[in-house]
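Architecture at a glance
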Amino acid sequence: MSALRRTRSGVDDGPSTWVTAAVVSGAFVALLYVVELADVIADHRLDRLGVEPRSADGLWGILFAPVLHGSWTHLEANTVPALVLGFLVLFSGIAKGLEATAVIWIVGGVGVWLVAPTNSIHLGASVLIFGWLVYLMLRGIWTRRVGQIILGIMLFLLYGTLLLGVLPGQPGISWQGHLFGAVGGALAAWLIRFDE
């Protein structure tokens with residue numbers, strides 16, 4: 001069975017959005033594993049490319065931190081949420097999903113760089129995961145699309161307790177990354193509504 005859409009004329013219109021969303025989210029998670037393998041081979045020197053608050057060199061972390069992880073366990077904990085939420089963000093439109101991801105990536109990184117403790121390094125895809133979750137939960141409120149509202153409610157019921165991760169309390173966990181990822185997700189949901 002073909003995964004291609006057909007136009008009324010019967011000409012292939014390219015892969016369907018869900019296939020593209022699955023491929024892109026799967027490729028992103030595969031990239032995370034390749035980067036972690038490279039980090040292990042490099043004796044974890046790549047981890048220094050995470051966000052280092054208020055350090056000039058730490059600004060590079062805004063670009064690199066979401067693809068870096070402190071350990072295989074850290075990466076494994078982020079794998080399923082990254083696959084599921086990344087797919088759902090892209091499923092409603094690849095361009096909008098990538099736009100939302102860019103907003104979350106930048107807002108999350110800048111927020112951590114500005115407020116996290118000095119002499120710390122913050123990394124991991126959880127900044128995106130928290131952002132994607134909040135984006136998916138809120139976008140239906142602004143777009144007023146029933147399907148998106150229902151999805152937001154379902155995600156809140158399934159993953160709502162995850163949002164407690166924006167609060168300080170767990171040693172070694174960047175609650176700042178979670179918080180500013182969530183802020184980025186809320187901002188993305190509000191900004192992208194104007195494209196509807």
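Residues numbered from 1 in each chain as written. Predicted model: local features only at pLDDT ≥ 70, side-chain atom pairs only at ≥ 80, totals over all residues. Heavy atoms only, no water.

**Overview of the packing of helix α1 (residues 17-41) against helix α3 (residues 72-91)**
Where α1 contacts α3, the axes come no closer than 8 Å and their chain directions differ by 160 degrees. The orientation of α1 with respect to α3, classified from their angle, is roughly antiparallel. The way α1 lies across α3 gives a crossing that is right-handed. Along the lines of polarity and charge, the residues of the contact of α1 with α3 split into 16 nonpolar, five polar and two charged. (Axes fitted to C-alpha atoms, helices over the stretch in contact; angles between N-to-C directions. Helix = DSSP H or I, 4+ residues; strand = E, 2+ residues; numbered from the N terminus. Parallel < 35°, antiparallel > 145°, perpendicular 65-115°, else oblique. Left-handed = near helix turned anticlockwise from the far one by under 90°. Nonpolar A, V, L, I, M, F, W, Y, C, P; charged D, E, K, R; others polar.)

**Some remarks on the environment of Leu 49**
Along the chain, the position of Leu 49 falls in the loop between α1 and α2 (60-64). Contacts of Leu 49, omitting those with residues within four sequence positions, involve Trp 60, Gly 61, Phe 64, Ala 65 and Leu 68. (Contact = heavy atoms within 4.5 Å.)

**Quick notes on the nonpolar core**
The biggest cluster of nonpolar side chains holds 32 residues, and the ones touching the most others in it are Phe 28, Leu 85, Leu 128, Trp 132, Tyr 135, Leu 136 and Leu 155. At the level of elements, α1, α3, α4 (94-115), α5 (126-143), α6 (146-159) and α7 (175-192) are the ones that each hand at least two residues to this core. In terms of residue count, α5 provides more of this core than any other element does, 10 residues in total. Residue contacts for Leu 128: discarding those within four places in its chain leaves Phe 28, Pro 66, Thr 101, Ile 104 and Trp 105. One finds Val 51, Ile 62, Ala 65 and Leu 68 within the second-largest nonpolar core, a separate group that totals nine residues. (Core = buried A, V, L, I, M, F, W, Y, C linked by side-chain atoms within 4.5 Å. Buried < 20%, exposed > 50% of the residue type's maximum accessible area, 1.4 Å probe, protein only.)

**Topic: the packing of aromatic side chains**
Scanning all chains against the criterion turns up five aromatic pairs. Measuring from ring centre to ring centre gives 6.3 Å for Phe 28 and Trp 132, while their planes differ by 75 degrees; the resulting arrangement is edge-to-face. Remark: Trp 132 occurs in helix α5 and Phe 28 occurs in helix α1; sequence separation between them is 104 residues. Just as Phe 28 is buried, Trp 132 falls in that class too. Within the aromatic cluster, the residues linked to one another by ring pairs are Phe 28, Trp 105 and Trp 132. (Phe/Tyr/Trp six-rings, centres within 6.5 Å; stacked < 30°, edge-to-face > 60°.)

Keep in mind these values describe shape, not function.
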